[in-house]
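Structure assessment
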Amino acid sequence: MRKRAGNPPPRKRSGTAADTGDDDDTWDDAAQTGEETTGEENAANRTEGDSGGNPQEGKKKRTARRPRRDRRPQVLANVTDAVTVVSESGLPMEPSWVAKGYGMQLGCIVRETVPILTQDLRSKENEAIVQSLLQKLHQRYTFPEPFNKKVDSLALTKMSTALSSWKNRLKRKIEAGESWERISSRDPSLSLEDFNAFKSYLESDAVKKWTAWGKKMRDLNLGTHHCGSGGYRGKQPTWDKEDAEMVRLGKENPWHKIQDEQARNFVRSRYYLDWKTGQFITDHEVVRDFEKYLMTYYVVFEGRVPGVYEEWEECKKQVHKFSGNCYKGYPTRHEAVAKWRAHQAKKSKMKTFLVLSLLLTIVAAVLYFILV
């Protein structure tokens, strides 16, 4: 890469997208075409349609916009820019023209380096990819020496976000029926092989099920999680300590009942452990209600119609406003049926015992009257 000498010429952009380096930033129409307008022409354009005629027509003319032109594809610049000022978190601040395009260039590095089906960029199996990403980052930018570690850490976080955004954008385009030719014209880094692989991935049953689950979670919008910016991965060390504390106290870990890891993390992130009592607590009543949906099978021990149910709504009908109701959820049908049969056997023994006790009482009473 060649080093950029001096500041680049100022570029005219429209809107606020240019300030953030967002994917949707576009050149101003006049800047794209090289057209220049004078103040008189601008005034004429603004007032055109205002005088005479239907005022609604004038309003339409004022608000009419030119059709949006396809923007040029974003590519990784083949230069090395020097960052002179870095924030405490590792974000470039100066020069401002370098800082503005930093996020966009990180996205370009990701798209040129990472296969689109890559999962969890920070995992051990992706260490080689991470090293390649950081190498390209430091080829594209130079940073003040004391901040390199912070820059790398924050850059990896932003790259992970860029990878997720790339997948989401491509998913929306595929669902809209766009072809690879059209998509690749704006995203040259996407190969036909990766496009077909990602399309097949989206059509798999596992992804469809996962997408439906995620939509349900977003629609429910349950409570507020306590993960912070680190997400589930950042919260995992705390959860490990909580699990160890539950073992030390000899208590059953309630989270082990939720078999699906994502569902378990979703609910657990909305609880916190009371270290004094060893109980998990949440401030959201709706989260407590939601836990019932995570149990696949329910056993109604005491209710209108006792038995095993697969849906919470059916279970709720049997116990809601039923005095002395007793029910419980289980993650598997095998466990639910086993508990139900054990309950029935216990009730059968109790009935047998009561019948025998009643018979013995009657026999004793009869003998008493005969002998007396």
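Read on for an overview of the structure. (Residues numbered from 1 in each chain as written. Predicted model: local features only at pLDDT ≥ 70, side-chain atom pairs only at ≥ 80, totals over all residues. Heavy atoms only, no water.)

1. A closer look at the environment of proline 144
- With respect to the element layout, proline 144 can be found in the loop between β5 (141-142) and α8 (148-175).
- Through-space distance from the C-alpha of proline 144 to that of valine 85 is 7.4 Å; in sequence the pair is 59 residues apart.
- In contact with proline 144, not counting residues within four places along its chain, are Val83, Thr84 and Val86. (Helix = DSSP H or I, 4+ residues; strand = E, 2+ residues; numbered from the N terminus. Contact = heavy atoms within 4.5 Å.)

2. Let's talk about the packing of helix α7 (residues 127-140) against α8
- Running from N to C, α7 and α8 point in directions that differ by 115°, and their axes come no closer than 11 Å. Relative to α8, the crossing made by α7 is right-handed. Contacts between α7 and α8 involve Val130, Leu133, Leu134, Leu137 and His138 from the first element and Asn148, Val151, Asp152, Ala155, Leu156 and Met159 from the second.
- For the contact of α7 with α8, the residue count by class is eight nonpolar, two polar and one charged. (Axes fitted to C-alpha atoms, helices over the stretch in contact; angles between N-to-C directions. Left-handed = near helix turned anticlockwise from the far one by under 90°. Nonpolar A, V, L, I, M, F, W, Y, C, P; charged D, E, K, R; others polar.)

3. Quick notes on the sheet that holds strand β10 (residues 326-330)
- Across the sheet, three strands lie side by side as β9-β8-β10; this open sheet has antiparallel pairing. Among the strands making up the open sheet, the edge pair consists of β9 (307-309) and β10. Averaged over neighbouring strand pairs, the angle between their axes works out to 25° when direction is ignored.
- With three bridges joining them, strand β8 (residues 297-302) and β9 adopt antiparallel strand pairing. Looking at β9, one finds that tyrosine 298 is bridged to tyrosine 309.
- Lying on the sheet, helix α15 (residues 312-319) is in contact with β8, β9 and β10; it crosses β8 at an angle near 10°. (Pairing = 2+ DSSP bridges.)

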